[in-house]
Amino acid sequence: MSEPVADAAPDAILPFPVLERTMANGLRVIVVNTGFPNLVSLQIPVQTGSRNEVEAGKSGFAHFFEHMMFRGTERYSSEAYQEIITRTGARQNAYTTDDYTNYHITCAQEDLEQVLELEADRFMNLQYSEDDFRTEARAVLGEYNKNSADPLNKLIEVQRDHAYSTHTYKHTTMGFIRDIEEMPNQFAYSRTFFERWYRPEYTTIILAGDLDMEATAALVEKHWSAWAAGGGETEAIPREPAASAPVVAHVPWSSATLPWVSIGFHGPAFSESDPEFAALDVLLDLTFGETSDIYQQLVEREQVVDELFPYLPSSQDPGLFTVFARVTDGTKLEYVREQLAAVFGGLPDAPVDGERLGEAKSHARYAFVRTLDNSEAIAGTLARFVRFRRSFETLNNLYATYETLEPGDLQAVARRYIGEANMVVTTLASEALPGSMSESPVLGQASASGKDAITPPVVQLPSASTLVRFKLLFETGSASDPEGKAGLAQLAASMIAEAGSQRMRIDEINRALFPIAASFGVQVDREMTTFTGVAHRDTLQRFAEIVLPQLIDPGYRDEDFARLQTSQGNALIQDLRANNEEELGKERLQENLFAGTAYGHTTLGTASSIAALTLEDVRRFVAENYTRARLVIGIAGDAPTTFTELLTARLAKLPAGEQGLIAIPLPVASRGIRVEIIEKDTRAVAISLGHRIAVTRKHADFAALWLARAWLGEHRASNGRLYERMREVRGMNYGDYAYIEAFPGGMYQFFPTPNLGRQAQIFEIWVRPVRPDQAVFALKAALFELRAMIATGLSSEEFEATRQYLSKNVFVMTKTQDQQLGYALDSRWYGLPEFAGWMRAELAVLTVHRVNDAIRAHLSGENLRVVMVASDAEALKVTLASGAFSAITYDGARPPELLAEDQLIGALELGIAAESIFVTPVENVFA
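None of the values given here were measured: they were computed from a predicted structure.

Give me the environment of I546: which residues, what numbers.
Along the chain, the position of I546 falls in helix α18 (residues 540-552). For I546, a relative accessible area of 1% translates into the label buried. Between the C-alpha atoms of I546 and L513, which are 33 residues apart in sequence, the distance is 8.0 Å.

See the structure below:
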């Protein structure tokens, strides 16, 4: 059958004209005009390999015949053959695979006819004696022995032997050692194998060079047409049954070597048109290639692996696809195995980013084209693919299939083939393995401890909003700072959110996020660290692919660490200590109330501890604390299911970790009032006072105290008692408020930020700065109102008005999507229902008596810590200790009843002993 010369299609991966012809005897001829002068490459793939070794005890014969084909013929002995090859300056060799055997030679164009004659003679007229056969059989045994000294070869041999029960892929091309050792006695069978498979209908002649294609095809016809077609029966290849359980195999190695681990799966056969093979090829490269997250983690960052590569053979029948890793430390073998299993396990539920897929397809195409720079490379590549159906178009069709791939194709192939029943795990080591290595790893979970069955819970708040946000709440914070390393949790979080990933620097991330107007930030508190991402629904997948590697594969660049360490020190010393007396006082009150506990320092740390932190400290903190066991995922908005799947799949790469809250031992409460005066050059005096309380959000009295503090002084609201009596009536300052939960950064916002969950809380009164001459009076005024509330409680009218206000205001304080999602995560942490509904229900059943009982049970106007920030600290100390009357003057007239109350306040006994008042220079605070 003759086919005309075909020019390459405009979009074909092979840009060469080709002549394809099938001769009368069934031999297929492919002539490619590459345009490269002088040399011609001849490739002769034969469609027989170890796959065709179907009879028991006869493995290894396809490879054996690769050797025997160089034994010569009656016309050209092996010596004469080699002499001609040498004289012509040609280079020739052969190789055997599972599915085909290829013979190749590159020669000068002028010697092509003689080479064709030589090759035709040995294919048609191969001769060898039994002695020749036995001699070569021993050479094959020597090759097996050589190869078996390579740990990777032995690993693959054992892997395949355990992976297959029926199909001939069970053995490698070398064959089983028992069959190789028996091979010298198989002379008669050798002739049968040769006559069965070395026939023109299974063979292709590929010629590539600057050729006259018709003339070259005529030369092939001249020398090869006498080769008779076969006609004998061939044995059917047994079909491998579907796998039903994972397989684990181990190779004990007798000499010292670096250990290996491989994880493979039964996969598809090669196809030039079905997308499965192409999709799997791209998926493996994206997931385990040199640009992948796991490669960056294991090879470049952690350096626990020095070789990591995927392998997908283009096999005639369904084969194995495998990832191999050589481990640098035997103690890390199980860890590496678990990490690889985790990555594989995430693939079925993780859509591939379309942009990354496009980049991979582009890379594959251009990388292939780069290899087409000489005739030998072109012909050699063709041989690998022509052997399927003996067609030049196989390669063009394959790369056309690559171009059609969509993200769904990659996910579909992962879902079909990546599963525990399909898995084959093989290890090799010279040292004994722990018992746990005899069991298969759990896909999608990575933990060296084996406590791996941890999937982070997901809290979802669906809405019609196209603006989607997700929160990654880790149950860790400054309370997890190691001894002497205060501020580490904050710096670690900053290194995640503000320092890029291994793949992208932070400036590159910011530029990438700019066109999609997305953001990724973090908040750190005592027991919670919350990363928040916000993006439009249409950009979610791209957004996640940009920012999630910051957490999964952090950049950890020295320059970013230095920048953020300096920034954190400035935030503590400049922004907080030097420039913000109010926040300084509030944070110092927290330190004093929880001194000696894990809450006893600001999230920023101290000046000395920040300076002493190292990048290695950050790495260790992230590894130990940003784990799946401590993670809760929150998603709000109109987020597609695929985004939730992508998010959970990507985060499955985090270590498993262990659950458990940090114990917060509460110090014994001091009696009386203790005052710290922070001496600082300032025009006014900021005052914060309070004490610890046992009431957190899950306490039965929380709603009652919540109502009481709202009556006393709702944050930044003008309807509280303190605001009315101190700010409105007396004009002393800007505002005065009360709290039963920590409210950091209160001066910047009207409502508390969610995700500040704590096991221990404070009752606090915040007196915004007053004139120095009114400082003691202001302190007394706050205490006067507090003590009055404790003594007399709220009236029924005050209770009812406050309850009505809060029942509606709870919707205002949770009006944004961010607040709703944050409170939902908090409610889960505390073990409560949805916050707004729960609080309204609690308020509905409250009584004024319960509120007043809770006030008396939990609040004190006598046992308090006070922090005052003032310029003349010593004078203020003397005044406080003296117990003297505190007067207040006004610029205008005031009603008599107010002036009478001023007398009561001015005469209020504080009972503060001089030894209970401490002056601290501001430079010593947070030092």
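Hey, could you go over the sheet that holds strand β18 (residues 685-693) for me, with residue numbers and the actual values?
Pairing in this open sheet of 6 strands is mixed, and the strands run β19-β20-β18-β21-β17-β22 from one edge to the other. Each edge of the sheet is formed by a strand with only one pairing partner; in this case those strands are β19 (736-739) and β22 (917-921). Neighbour-to-neighbour, the strand axes of the sheet open up by a mean angle of 15 degrees, direction not taken into account. Of the pairings in the sheet, the one linking β19 to strand β20 (residues 761-770) comprises 4 bridges and is antiparallel in character.

Can you lay out the pairing of strand β11 (residues 423-429) for me, pointing to particular residues and giving the numbers?
Burial within β11 is extensive, with 7 of its 7 residues counted as buried. Where strand β7 (residues 247-252) lies against β11, 6 bridges are found, and the strand directions are parallel. Counted as the bridge partner of H250 is T427 from β11. Here 6 bridges tie strand β8 (residues 260-266) to β11, and the two strands are oriented antiparallel to one another. Opposite S262, over in β11, you have T426 as the bridge partner.

Tell me about the packing of aromatic side chains, and please be specific about residues and values.
Per the counting criterion, the structure on display carries 52 aromatic pairs. Centroid distance F64 to F65: 5.8 Å. Interplanar angle 90 degrees. Geometry classified as edge-to-face. Of the two residues, F64 and F65, neither departs from the other in class, the shared state being buried. Taken together, a centroid distance of 5.5 Å and an interplanar angle of 50 degrees make the contact between F123 and W224 tilted. Residue F123 is found in helix α3 (residues 112-125), and its partner W224 is found in helix α8 (residues 213-224); the two are separated by 101 residues along the sequence. The two residues F123 and W224 agree in class, both being buried. Taking the ring centre of F70 as reference, the NZ or CZ of R122 above it sits at 4.4 Å. Over the face of the ring belonging to F750 we find R716, whose NZ or CZ atom lies 4.6 Å from the ring centre.

Describe α18, listing the residues and the values that go with them.
When the terminal C-alpha atoms of α18 are compared, their 17 Å separation across 13 residues agrees well with the 18 Å that a helix rising 1.5 Å per residue should span. Of all the bends in α18, the largest measures some 30 degrees and sits at I546, one to four residues before the proline P549. Counting buried residues in α18 gives 11 out of 13 residues, a clear majority hidden from the surface. Buried residues of α18: L540, F543, A544, E545, I546, V547, L548, P549, Q550, L551 and I552, and no others.

Provide a residue-level description of the sheet that holds strand β15 (residues 529-536), including the pertinent values.
The 5 strands are arranged β12-β16-β13-β15-β14 in an open sheet whose pairing can be described as mixed. Sheet topology places β12 (458-461) and β14 (519-524) at the edges, where each strand pairs with a single neighbour. Averaged over all neighbouring strand pairs, the angle between strand axes comes to 15 degrees, with direction disregarded. Relative to β15, strand β13 (residues 467-474) runs antiparallel, the two being bridged by 8 bridges. Note that in β15 the partner of L472 across the bridge is F531. The sheet contacts of helix α16 (residues 488-497) involve β14 and β15, and relative to β14 the element is tilted by about 175 degrees. Lying on the sheet, helix α23 (residues 641-651) is in contact with β12, β13 and β16 (631-636); it crosses β16 at an angle near 160 degrees.

So what's going on with a negative patch on the surface? Which residues, and what values?
A surface patch of like charges, here negative, comprises E679, D872, E874 and E923. Considering the arrangement of structural elements, one finds E874 in helix α31 (residues 873-882). Accessibility expressed as a relative area gives 44% for E874, which makes it partly exposed.

Which residues make up helix α9 (residues 275-288), and what values go with them?
Each α-helix turn comprises 3.6 residues. Residues three or four places apart therefore point the same way. Taking 1.5 Å as the rise per residue, α9 with 14 residues should run 20 Å; its terminal C-alpha atoms sit 20 Å apart, in good agreement. With 11 of 14 residues buried, α9 is to be regarded as a mostly interior element. Within α9, the full set of buried residues consists of E276, F277, A278, A279, L280, V282, L283, L284, L286, T287 and F288. The residue sitting at the N-terminus of α9 and contributing the capping side-chain oxygen is D274; that oxygen lies 2.9 Å from the backbone nitrogen of E276.

Could you give an account of the environment of P313, with specific residues and numbers?
Mapped onto the fold, P313 is located in the loop between β9 (305-311) and β10 (320-327). The spacing of P313 and L756 is 443 residues in sequence and 53 Å in space, taken between C-alpha atoms. When near neighbours in sequence (up to four residues on either side) are disregarded, P313 contacts F277 and L320.

Just give me the short version of the pattern of salt bridges, but keep the residues and values in it.
Inspection of every chain in the model, using the stated rule, returns 54 salt bridges. Of the charged contacts, one joins D306 and R326 as a salt bridge, the two residues approaching to 2.8 Å between their closest N and O atoms. Here the residue D306 occupies a position in strand β9, and R326 occupies one in strand β10, the gap between them amounting to 20 residues. Looking at D306, the relative accessible area reads 34%, which means it is partly exposed.

Any details on the nonpolar core? Residues and values, ideally.
Within the largest apolar cluster, 80 residues are counted, with the highest numbers of intra-cluster contacts made by I687, W706, I765, M868 and L880. Examining the composition of this core, we find that 12 residues originate from one element, helix α26 (residues 775-792), more than from any other. If we ignore the near neighbours within four places in the chain, the residues touching M868 are V675, E676, I677, I678, V685, A686, I687, A775, L779, L876 and L880. Counting residues in hydrophobic clusters, the runner-up holds 69 residues, among them A208, F265, L286 and L333.

Explain the pairing of β13 to me, and be specific about the residues and the numbers.
Taking burial as the measure, the 8 residues of β13 include 7 buried ones, the bulk of the element. Inspection of the sheet shows β13 paired to β16 by 6 bridges, in the antiparallel sense. When the bridges of β16 are listed, L472 appears paired with I633.

Could you give an account of the side chain of H67, naming the residues involved and the relevant values?
As for its position among the elements, H67 is in helix α1 (residues 61-68). For H67, the side chain forms a polar contact with the side chain of E136, separated by 2.9 Å. Not counting chain neighbours up to four residues away, the residues in contact with H67 comprise E136, V140 and E143.

An account of the confidence of the model for the protein chain is needed here, citing residue identities and associated values.
With 97% of its residues at a pLDDT of 70 or more, the protein chain shows a mean pLDDT of 91. Every residue in residues 446-452 is under pLDDT 50, and counting partners more than four places away or in other chains gives 20 contacts.

Residue-level account of the environment of V115, with values.
With respect to the secondary-structure elements, V115 resides in helix α3. Residues V115 and A90, 25 residues apart in the sequence, show an inter-C-alpha distance of 9.0 Å. Here V115 is in contact with L42, I105 and C107, once residues within four sequence places are set aside.

I'd love a proper account of unusual backbone geometry, names of residues and values included.
Negative phi characterises most residues that are not glycine, and trans characterises most peptide bonds. Backbone geometry places N38, a non-glycine residue, at a positive phi of 80 degrees. One non-glycine residue, Q303, lies in positive phi territory at about 55 degrees. For Q303, the location among the structural elements is in the loop between α10 (293-301) and β9.

The rules behind the values
- Numbering of residues starts from 1 in each chain and follows the order in which that chain's sequence is written.
- The model is predicted, so local features are restricted to residues of pLDDT at least 70 and side-chain atom pairs to those at 80 or more, both for listing and for counting; the totals for chains, interfaces and linings are taken over all residues.
- Working from all heavy atoms in the structure, the side-chain values ignore hydrogens and water.
- Counting from the N terminus, the helices are the DSSP runs of H or I reaching at least four residues and the strands are the DSSP runs of E reaching at least two.
- For the exposure calls, accessible area comes from a 1.4 Å probe over protein chains only, and a residue counts as buried if that area is under 20% of its type's maximum, exposed if over 50%, partly exposed in between.
- Strands pair, by our definition, only if DSSP identifies at least two bridges between them.
- Fitted lines through C-alpha atoms give the axes, limited to the stretch in contact for helices. The angle between two N-to-C directions lies from 0 to 180 degrees.
- Whether two aromatic rings pair depends on their centres lying within 6.5 Å, for rings of Phe, Tyr and Trp, where Trp uses its six-membered ring; planes under 30 degrees apart make the pair stacked, over 60 edge-to-face, and the rest tilted.
- By definition here, charges over rings are those cases where NZ of Lys or CZ of Arg is within 6 Å of the ring centre and within 35 degrees of the ring normal.
- Working rule for helices: expected span equals 1.5 Å times residues minus one.
- In this analysis the local bend is the angle between axes fitted, respectively, to the seven residues ending at and the seven residues starting at the residue.
- The criterion used for residue contact is that any of the two residues' heavy atoms lie within 4.5 Å.
- In this analysis, a patch consists of residues with relative accessible area above 30% that form no salt bridge, clustered at 9 Å for like charges and at 5 Å for the nonpolar side chains Val, Leu, Ile, Met, Phe, Trp and Tyr.
- All accessibility values rest on the Shrake-Rupley procedure with a 1.4 Å probe; residue burial counts only the protein chains present in the view.
- Whenever a carboxyl oxygen of Asp or Glu lies within 4 Å of a side-chain nitrogen of Lys or Arg, that contact is scored as a salt bridge.
- In this count, Lys and Arg are taken as positive residues and Asp and Glu as negative ones, while His and the chain termini are left out.
- For charged residues, the charge sits on one atom: NZ in Lys, CZ in Arg, CG in Asp, CD in Glu.
- Each polar contact in these results corresponds to two N or O atoms within 3.5 Å; when the atoms are within protein, one needs to be able to donate a hydrogen and the other to accept it, and residues that are neighboring in sequence are counted only if both atoms are side-chain atoms.
- The definition of a nonpolar core used throughout is a set of buried Ala, Val, Leu, Ile, Met, Phe, Trp, Tyr and Cys residues joined through side-chain atoms within 4.5 Å.
- Here pLDDT means the predictor's own confidence in every residue, given as a number from 0 to 100.

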